[in-house]
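# What the coordinates show
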Amino acid sequence: MRAVLTWRDKAEQCIYDLAFKPDGTQLILAAGNRLLVYDTSDGTLLQPLKGHKDTVYCVAYAKDGKRFASGSADKSVIIWTSKLEGILKYTHNDSIQCVSYNPVTHQLASCSSNDFGLWPPEQKSVSKHKSSSKITCCSWTNDGQYLALGMFNGIISIRNKNGEEKVKIERPGGSLSPIWSIYWNPSSRWERFWMNRGKKDAEEAIVNRYFQERPSSLKSVVYSSKGSESEEEEDDSSRDDISEEHNDILAVADWGQKLSFYQLSGKQIGKDRSLNFDPCCISYFTKGEYLLLGGSDKQVSLFTKDGVRLGTVGEQNSWVWTCKVKPDSNYVVVGCQDGTISFYQLIFSTVHGLYKDRYAYRDSMTDVIVQHLITEQKVRIKCKELVKKIAIYKNRLAIQLPEKILIYELYSDDSSDMHYRVKEKIVKKFECNLLVVCADHIILCQEKRLQCLSFRGVKEREWQMESLIRYIKVIGGPPGREGLLVGLKNGQILKIFVDNLFAIILLKQATAVRCLDMSASRKKLAVVDENDTCLVYDIHTKELLFQEPNANSVAWNTQCEDMLCFSGGGYLNIKASTFPVHQQKMQGFVVGYNGSKIFCLHAFSMSAVEVPQSAPMYQYLDRKMFKEAYQIACLGVTDTDWRELAMEALEGLEFETAKKAFIRVQDLRYLELINSIEERKKRGETNNDLFLAEVFAYQGKFHEAAKLYKRSGHENLALEMYTDLRMFEYAKDFLGSGDPKETKILITKQADWARSINEPKAAVEMYISAGEHVKAIEISGDHGWVDMLIDIARKLDKAEREPLLMCAHYFKKLDNPGYAAETYLKIGDLKSLVQLHVETQHWDEAFALGEKHPEFKDDIYVPYAQWLAENDRFEEAQKAFHKAGRQGEAVRVLEQLSHNAVVENRFNDAAYYYWMLSMLCLNIAQDPAQKDVMLGKFHHFQHLAELYHGYHAIHRYTEEPFSFCRPETLFNISRFLLHSLTKDTPLGISKVKTLFTLAKQSRALGAYKLARHAYNQLQGLWIPARFQKSIELGSLTIRSKPFHDSEELVPLCYRCSASNPLLNNLGNVCINCRQPFVFSASSYEVLHLVEFYLEEGITDEEAVSLINLEAPSHKGENKWQEITSNNSQTLSLDETVDSVGEDDPFTAKLSLEQGGSEFVPLVVSRSVLRSLSRRDVLIKRWPRPLQWQYFRSFLPDAPITMCPSCFQMFHSEDYEQLVLQHTCCPYCRRRIDDPSP
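Residues numbered from 1 in each chain as written. Predicted model: local features only at pLDDT ≥ 70, side-chain atom pairs only at ≥ 80, totals over all residues. Heavy atoms only, no water.

As a further point, take the sheet that holds strand S53 (residues 589-594). An order of S53-S54-S55 is seen for the three strands of this open sheet, with the pairing classed as antiparallel. Strand pairing shows two members of the sheet lacking a second neighbour, S53 and strand S55 (605-610), which therefore form its edges. Pairs of neighbouring strands in the sheet enclose a mean axial angle of 25 degrees, with direction left out of account. Pairing of strand S54 (residues 597-602) with S55 involves six bridges; the strand directions are antiparallel. (Pairing = 2+ DSSP bridges. Helix = DSSP H or I, 4+ residues; strand = E, 2+ residues; numbered from the N terminus. Axes fitted to C-alpha atoms, helices over the stretch in contact; angles between N-to-C directions.)

Once that is clear, we can look at the nonpolar core. Counting 66 residues, the largest nonpolar core has Tyr-914, Trp-915, Tyr-948, Leu-977, Leu-1089, Met-1209 and Cys-1225 as its most contacted members. Counting residues per element, the ones that place at least two in this core are helix H23 (887-903), helix H24 (907-924), helix H25 (931-959), helix H26 (967-980), strand S62 (1200-1202), strand S63 (1209-1211) and helix H33 (1212-1222). Apart from residues lying up to four places away in sequence, Cys-1225 is in contact with Cys-1203, Cys-1206, Phe-1210, Tyr-1215 and Arg-1230. Within the second largest apolar cluster, 50 residues are counted, among which are Val-387, Ile-392, Val-474 and Leu-488. (Core = buried A, V, L, I, M, F, W, Y, C linked by side-chain atoms within 4.5 Å. Buried < 20%, exposed > 50% of the residue type's maximum accessible area, 1.4 Å probe, protein only. Contact = heavy atoms within 4.5 Å.)

Moving on to the environment of Gln-107. Among the secondary structure elements, Gln-107 is positioned in the loop between strand S10 (96-101) and strand S11 (108-112). On the accessibility criterion, Gln-107 (10% relative accessible area) is buried. A C-alpha to C-alpha distance of 8.8 Å links Gln-107 and Gly-144, two positions 37 residues apart in sequence.

So, on to the side chain of Asn-1064. Note on placement: Asn-1064 falls in the loop between helix H29 (1025-1037) and strand S56 (1089-1094). A polar atom in the side chain of Asn-1064 sits 2.9 Å from the backbone nitrogen of Leu-1066. Separated by 2.7 Å, the side chain of Asn-1064 and the backbone oxygen of Val-1069 make a polar contact. Beyond its immediate chain neighbours, meaning those up to four positions away, Asn-1064 contacts His-979, Val-1069 and Ile-1071. (Polar contact = N/O pair within 3.5 Å; in protein donor to acceptor, adjacent residues only side chain to side chain.)

The packing of two helices is summarised by the inter-axis angle and the distance between the axes. In contact at an axis separation of 11 Å, helix H4 (residues 614-622) and helix H6 (residues 639-651) are set at 10 degrees when each is read in the N-to-C sense. Between H4 and H6, the interaxial angle falls into the category roughly parallel. Contacts between H4 and H6 involve Ser-614, Met-617, Tyr-618 and Leu-621 on the former and, on the latter, Asp-641, Glu-644, Leu-645 and Glu-648. Among the residues forming the contact of H4 with H6, the class breakdown is four nonpolar, one polar and three charged. (Parallel < 35°, antiparallel > 145°, perpendicular 65-115°, else oblique. Nonpolar A, V, L, I, M, F, W, Y, C, P; charged D, E, K, R; others polar.)

Here the bond from Arg-1184 into Pro-1185 is cis, since omega is 10 degrees, no more than 30 degrees from zero. One can find Pro-1185 in the loop between strand S60 (1177-1180) and strand S61 (1189-1193). If you check the backbone angles, Gln-257 has positive phi at about 60 degrees while not being a glycine. Summarising the element assignment, Gln-257 is placed in the loop between strand S19 (249-254) and strand S20 (258-263).

Strand order across the open sheet formed by four strands is S49-S50-S51-S52, with antiparallel pairing between neighbours. Only two strands of the sheet have a single neighbouring strand rather than two, namely strand S49 (553-556) and strand S52 (582-585). When the angles between neighbouring strand axes are averaged without regard to direction, this sheet yields 20 degrees. Sheet analysis places strand S50 (residues 563-568) next to strand S51 (residues 571-576), joined by six bridges and oriented antiparallel. Within S51, the residue paired with Gly-568 across the bridge is Tyr-571.

What follows concerns the confidence of the model for the protein chain. The pLDDT averaged across the protein chain works out to 81; a share of 82% of its residues lies at or above 70. Predicted confidence in the protein chain is weakest over helix H2 (residues 200-207), with a mean pLDDT of 32, and strongest over strand S6 (residues 56-61), with 96. Scored below 50 in pLDDT, residues 188-246 makes 109 contacts in the model with residues more than four places away or belonging to other chains. Note that residues 1132-1142 has pLDDT below 50 and, in this model, 30 contacts with residues that lie over four places away or in other chains. (pLDDT = per-residue confidence, 0-100.)

Right under this line is the structure:
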């Protein structure tokens, strides 16, 4: 850092204070009882301002630049405009010590010896507040919320905008250490940091050592602090110190000769810094990165924002009472006791070091940032002292501080590792011009002398040069034996090894050396001299190879021997071999060249510029130097350049280079071509014309390729190329009047092309002319051209079977079965004709054809039966299957329909389909060979039909919001299902839903014992979530009910008159006589019917005739009579008919044969049958091989109806109601208008 005096002036009186206009154009000084206005550019006094009657102590400019204020010993404050006009004046009771404008609201704070005032611009009055001590200085926070007051008694008072004290800081020295100057750090980065304090990015800014900001933006609160040298520890402590605060840090200078820093809360940051002089003024740079202090030491000192002294700005002849920094600049103005005004420019020199892709530079004067130029990673090393020199080499980093040198090393050998740790410390003061670090040594350059020191500070070697050393660089080597490249002012260039006392003179030139670099192979040397000329030498021969003007720095490419770059005159110059220089605009100095990246230093920042190596590559290509061009391209060129290199090498038949280049651009097409050519060359082919012809063909140079094919004797390849490219006119011209076979092939290819470009009609005509009927039919069929297909089919001979079959196929596809039938008849394909009639469902034509040709019987009737089954015509489908000899198919179709209905929860349909299945099995059982199997299936399907018919109501009750069944019906169905599900539960039937329904209806009807049993059974089952709450509640509440069932619900056996429990372990039979109950198919009540059986020898016809005989009747008694219609059998009340007397033989037989642990069937004789009235008997007239079933009604007052189709029993009223609703039987769906039984 250097301070250059820009201008100086001297006033007659002491300069107590000064202020810059915010735009930096004017400077206001308090000198005596006047204000002096200076032009900051050249120090011209613009105007003195008079208004005060006594010495002016303070002056301050508003942030908006519209006004400024001055305070004087005459107890007055004057407000001035930017046009230097006084507009307002107010007074205090004592002399004014300091004034300060709020940076946000522009509220003015003016402080006197015993009070301070706050004056808002929008108000006329000034609010004043008493002070316990003399106020010596004041400063507003950056957000304008708080005002800090420094007092003579050593106290700092922090007030809000209304003047109320919020924080009080008492310095240890008290009144012996008056607070003489305070200043809030104005850094805007503090504000941005705290605005984002809660965000993840800000948190990472604290703890992440690898950051992506530019060097100028790294000076932040993250690194403030009092911790150890470990960076992580510093970061943590910094965060702890300021985590509770806003963005303001207060710098305090007192006459106890201390510099301190405080947070807004009053908590001190770090320890006091001793100054060894009485400070009179303190001031921050605009961005808060540096601090100025002046006072009794008669100089202005530059400090970091952490209080580390960096150096002296300017020495004066008297006390420095005020110093300020020009806004947004590095200019400093100093005001002294003797009236001297000095204006300095601070120049911060660049301290840095570079090795390959690692660049280390000084930041904030006390920090070192190491930047990885490739990955853009950065790491900061805080030294807390002025960094004087930096050197970097491989994994070593040397930092020279005022009193020591620190040697750092990387934690690991990883090329991307950025973690440095201290290896050695040389605690000794050194004076040197240049610093170089090696693996085990540091090299100090002092004018003409080089010293080699170990890391412990021991001098091992020393070299004395003939002239001043201008440039030094480590060029590598084994650890402890590295080589140094040294350039002297007298033009000598030497190579020195750190383990050798003797320097090697490489060459000597007439002009002084400014910059040096050696090529990667150590064969060439590039020198930039004091005349800005870049000279390149051959090291071995000392020959000057070439020279280029306008150079200020030079660097060889570390990956290519023949490439270097140099900068100068605002241009970057890239030179390959001896080719002309390629230029592009660039500001700065070239310091490194690695591959396609050029490292440039501009001002204080290092950047890696990606430079495509296109220009030198094309220079090599112009001279057909393909291998050299490839080496240049590897450094970094665009994909277009790679492709151009590949093409040029391919045309030059340099296949190896072309192959590598095409691999780079991932062009598989050309790679296949090269591989093909290489394979042919291995087989002995040497015709370069043929190879080049294929290259031209791939490049689109077809006519040149054709000429080369013809010259090499391969005309067929040219013809093939033209046809593949659809250049048929060129192909015809090339072919001329050749072979007709080749012409036909050409026409076919042309047709293929017309087809591919969506000109199908032209393609069809060409195919027909070429005799390619199949392709013509295919195109016509795909486009639906029926007329063209008809013409082709009728023109074709019947022997051409394949194209005719294709025509028939397209006729079917295009819904023209008539033409398809005509075509099949033409070729005599009757089987395909049958399939056509079946597919189009023209059954009459199919049946007619089947009559003539019985061998197609199965092909017709099986699909017909399937079609009938799909259209719910199952009876017809069964007959069709039977006719086709496929009885099993009918059963399987219905089984699948039944299964689907169960899976889809259509249990009513499932019951119907299972009933259909049972009847179909009964029909098949007429075959003696299948009787036993089919009867077993019949009974199984009948049982499933009854279960699913009943479960349909349970499912609807549990799944739908409203119930369509009465509680009694649901109660009866639930009991029926539970009694029937004693073994396996059929698919789709839920025992949980059944028990749930039974529990709810039992509770509702008063069957509390049964309900409790149902809830207990549910506890052992997996309950769906939607029933869980209801079941748990029901299980609890049912315990409050009596432990018995309502007697009204107890079922009665009509054979033995025994009462049966609601829950019967035997199932749906009487517990006394084991007589099976007969249930209504709608309400599932136990019907008043008892089944009886015929004695052996009595046929069904004889039994019916005996029952139909009218028994003797008794007058005066009401009787029921049977009415038989097409749809049903009905018992109705006829008051004119006499009832059977008490001596009924059937009743007498019941009383004799009831009871016992085994079921005893009720077998009746002819006399009993004769005594029965046909009005009391219902008969299930099953078809063979089943026996008929006979039932006797015991309650003549309750009529019962039996469906003549499914033989299900109903209460007559229920049946009539259901038939009216559905117009069919609710069980078998037999329509009421169907006359068949």
